[in-house]
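# Breakdown of the fold
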Amino acid sequence: MKLAERMSRLGTETAFVVLAKAKKLEAEGKEIIHLEIGEPDFDTPRNIIDSAIDALNGGWTHYGPSAGLPDLRETIAGEIARTRGVKVEPPQIVVTPGGKPVMFFAMLALINEGDEVIYPNPGFPIYESVINFIGAESVPIQMKEENQFRLDVDELASLVTPKTKMIIVNSPQNPTGSVLTGEDLRAIAEIAIKNDIIVLSDEIYSRIIYGGVHHSIYSIDGMPERTIILDGYSKTYAMTGWRLGYGVMPADLAEQVAKLQTNCNSCTASFVQKAGIAALSGPQDDVKMMVDKFSERRDAVIKGLNDIANVSCLVPDGAFYVFPNVSAFGIKSAEMADRILYEAGVAVLSGTSFGAFGEGYIRISYANSIENINKALDRLRTFFKGL
Ligand code: PLP
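In what follows, the accompanying structure is described. This structure is a prediction, so every number in the text was calculated from the model and none was measured.

Strand order in the open sheet formed by 7 strands is β2-β8-β7-β6-β5-β3-β4, with mixed pairing between adjacent strands. The open sheet has two edge strands, β2 (93-96) and β4 (137-142), and neither has a second partner. Across the sheet, the mean angle separating the axes of adjacent strands is 20° when strand polarity is ignored. In this structure, strand β7 (residues 227-232) lies alongside strand β8 (residues 245-248), joined through 4 bridges in antiparallel fashion. The residue bridging L230 from the neighbouring strand is G247, located in β8. Against the sheet, helix α8 (residues 251-264) contacts β2 and β7, and its axis sits at roughly 20° relative to β2.

This brings us to the packing of helix α4 (residues 100-110) against α8. Where α4 contacts α8, the axes come no closer than 9 Å and their chain directions differ by 115°. Classified by the angle their axes make, α4 and α8 are roughly perpendicular. Like other packed secondary-structure pairs, α4 and α8 cross with a definite hand, here right-handed. Each of F105, A106, L108, A109 and L110 in α4 lies in contact with α8, whose residues at this interface are L253, V257, L260, Q261 and C264. A breakdown of the residues in the contact of α4 with α8 according to their chemical character gives 9 nonpolar, 1 polar and no charged.

We now examine the sheet that holds strand β12 (residues 362-365). Pairing is antiparallel in the open sheet, where 3 strands are placed in the order β9-β12-β11. The sheet terminates laterally at β9 (321-322) and β11 (349-350), the two strands that pair on one side only. In this structure, β9 lies alongside β12, joined through 2 bridges in antiparallel fashion. Residue pairing across strands places Y321 opposite S365, the latter belonging to β12.

Direction of pairing for strand β3 (residues 116-121) relative to β4: parallel, over a ladder of 6 bridges. Paired with V117 across the bridge in β4 is S138. Between the parallel pair β3 and β4, the chain is carried across by helix α5 (residues 125-133), and the sense of this crossover is right-handed.

Under the counting rule described, the total for this entry stands at 24 salt bridges. The partner of R207 in a salt bridge is E79, with the nearest N and O atoms 3.8 Å apart. Of this pair, R207 sits in the loop between β6 (198-202) and β7 while E79 is found in helix α3 (residues 70-84), placing the two residues 128 residues apart along the sequence. The partly exposed category is assigned to R207, whose relative accessible area is 25%. Residue K144 pairs with E155 through a salt bridge whose shortest N-O separation is 2.9 Å. Placement of K144 in the loop between β4 and α6 (153-159) and of E155 in helix α6 is noted, with a sequence separation of 11 residues between them. Several salt bridges share partner residues, and in doing so they unite E31, K375 and R379 into one network.

All right, on to the packing of α3 against helix α9 (residues 270-281) then. Orientation of α3 relative to α9, taken along the N-to-C sense of each, is 30°, at an axis distance of 9 Å. When the axes of α3 and α9 are compared, the pair comes out roughly parallel. Taken as a pair, α3 and α9 cross one another with a handedness that is left-handed. Within the contact between the two elements, α3 uses D71, L72, T75, I76 and E79 and α9 uses Q273, K274, G276, I277 and L280. The residue makeup of the contact of α3 with α9, split by class, is 4 nonpolar, 3 polar and 3 charged.

Together, L3, M7 and L10 make up an exposed nonpolar region whose accessible area comes to about 280 Å². For L3, the position within the fold is in the segment before α1 (14-27). With a relative accessible area of 63%, L3 lands in the exposed category.

In the vicinity of the ligand lie 14 residues, with G99, D202, Y205, S234 and K235 positioned nearest. With respect to the ligand, the side chain of D202 contributes an N or O atom lying 2.6 Å from a nitrogen atom. Here an oxygen atom of the ligand and a side-chain polar atom of S234 are 2.6 Å apart. Relative to its unbound accessible area of 390 Å², the ligand is 94% covered by the protein chains.

With that settled, the discussion passes to the side chain of D115. Along the chain, D115 turns up in the loop between α4 and β3. The charged side chain of D115 is buried without a salt bridge, its nearest counter-charge being K165 at 4.3 Å. Side-chain polar atoms of D115 contact the backbone nitrogen of N112, separated by 2.8 Å. When sequence neighbours within four positions are dropped, the list of residues in contact with D115 reads L110, A136, E137, K163 and K165.

By size, the foremost hydrophobic cluster in this structure holds 93 residues, and its most contacted members are M107, M166, I228, Y233, L305, I340 and F384. Here this core gets 7 residues from one element, more than from any other, and that element is helix α10 (residues 285-306). Excluding residues that lie within four positions of it along the chain, M107 makes contacts with Y127, V130, I131, I134, M166, I168 and L200. Among the nonpolar cores identified, the runner-up in size contains 33 residues, and L25, L151, V199 and F354 belong to it.

Rules used in this analysis
Residues numbered from 1 in each chain as written. Predicted model: local features only at pLDDT ≥ 70, side-chain atom pairs only at ≥ 80, totals over all residues. Heavy atoms only, no water. Pairing = 2+ DSSP bridges. Helix = DSSP H or I, 4+ residues; strand = E, 2+ residues; numbered from the N terminus. Axes fitted to C-alpha atoms, helices over the stretch in contact; angles between N-to-C directions. Contact = heavy atoms within 4.5 Å. Parallel < 35°, antiparallel > 145°, perpendicular 65-115°, else oblique. Left-handed = near helix turned anticlockwise from the far one by under 90°. Nonpolar A, V, L, I, M, F, W, Y, C, P; charged D, E, K, R; others polar. Right-handed = clockwise from strand over helix to strand, strands pointing away. Salt bridge = Lys/Arg side-chain N within 4 Å of Asp/Glu carboxyl O. Buried < 20%, exposed > 50% of the residue type's maximum accessible area, 1.4 Å probe, protein only. Patch = residues over 30% accessible without salt bridge, like charges linked within 9 Å, V, L, I, M, F, W, Y side chains within 5 Å. Areas by Shrake-Rupley, 256 points an atom, 1.4 Å probe, with all protein chains shown as cover. Near = heavy atom within 4 Å. Polar contact = N/O pair within 3.5 Å; in protein donor to acceptor, adjacent residues only side chain to side chain. Lys, Arg positive; Asp, Glu negative; His and termini not counted. Core = buried A, V, L, I, M, F, W, Y, C linked by side-chain atoms within 4.5 Å.

Pasting the structure below:
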């Protein structure tokens, strides 16, 4: 069949491509350590699973309202009010199957062809993909190592034009683990307000943070009316396969996003939404346990990488990724990631999977056991020594 022209503008997430390559090697008998995919290796906490089972037995197996079940929207509004310090009403919440649809639907609802959208690069690849898909201009802002991979606000100001409709911010960030400071966010907010720009604030890693606190641009005066928060359950509660996320936005936009959802997937699975209430209102000990474990693994992976000659790696403050600089070897990142997979048996991603400014880096996800991380570090040490 002849595809629509717009399909040539749609990108993808290389993590799934590398995962498929790694699985093929495993089927051939090779032992691969998976440091490519961005998902917690923990099981979903028991109380959440139990509540989904109860919901299934209780008949929560039917369609629900497109914007989400009222009691879940209320729970989320309460959670956002508590964590972002801003009063939020349930009509401002749309529950979605994972966090991803929030970016897709919000951009479909707000961005015209020819509008400009500024997005982090290296950054989550779906931003650039969706911006291009809908016919807008994708304007990258480089996350520079010398700026701890944080967005440089002076550069942001220089990229704004009368056509800039949206800025995407992501903190803690994928793939670098960088975290924006309160000061960064105030400067971004000032630019957004002055130039009447919408902010899509991807806060999916807001609970996976080490030492510091999560600052949200939503908390700044003048921002709730121009901000969409993307958040969800995938990373915080180890629920990637459940598909449960949400957007927080002005109520009139929420209505339009819910309408897109009616046209696309009708609603998010009802029993999954019931489990979402249990997750937010139940004990949070498992979240703390997971973050503590990620923190230990982060320390191990940083030390191991920085002990390898010609590899250097910043200490990230959030998420579960590191983004080591491997440019000293003079090998393109895509080739480097492939060789690490085929020669060392460790699946990692090329920095360029996250945009052109990722050249010179690889991304390692440390959402794996400390035993596997140590084994992977041994293999990487041998691999880099042999280059
Ligand atoms: N935003 C970022 C920055 C991510 O890294 C991811 C997943 O990897 C998502 C959004 C999507 O999350 P979900 O699986 O809930 O759709």
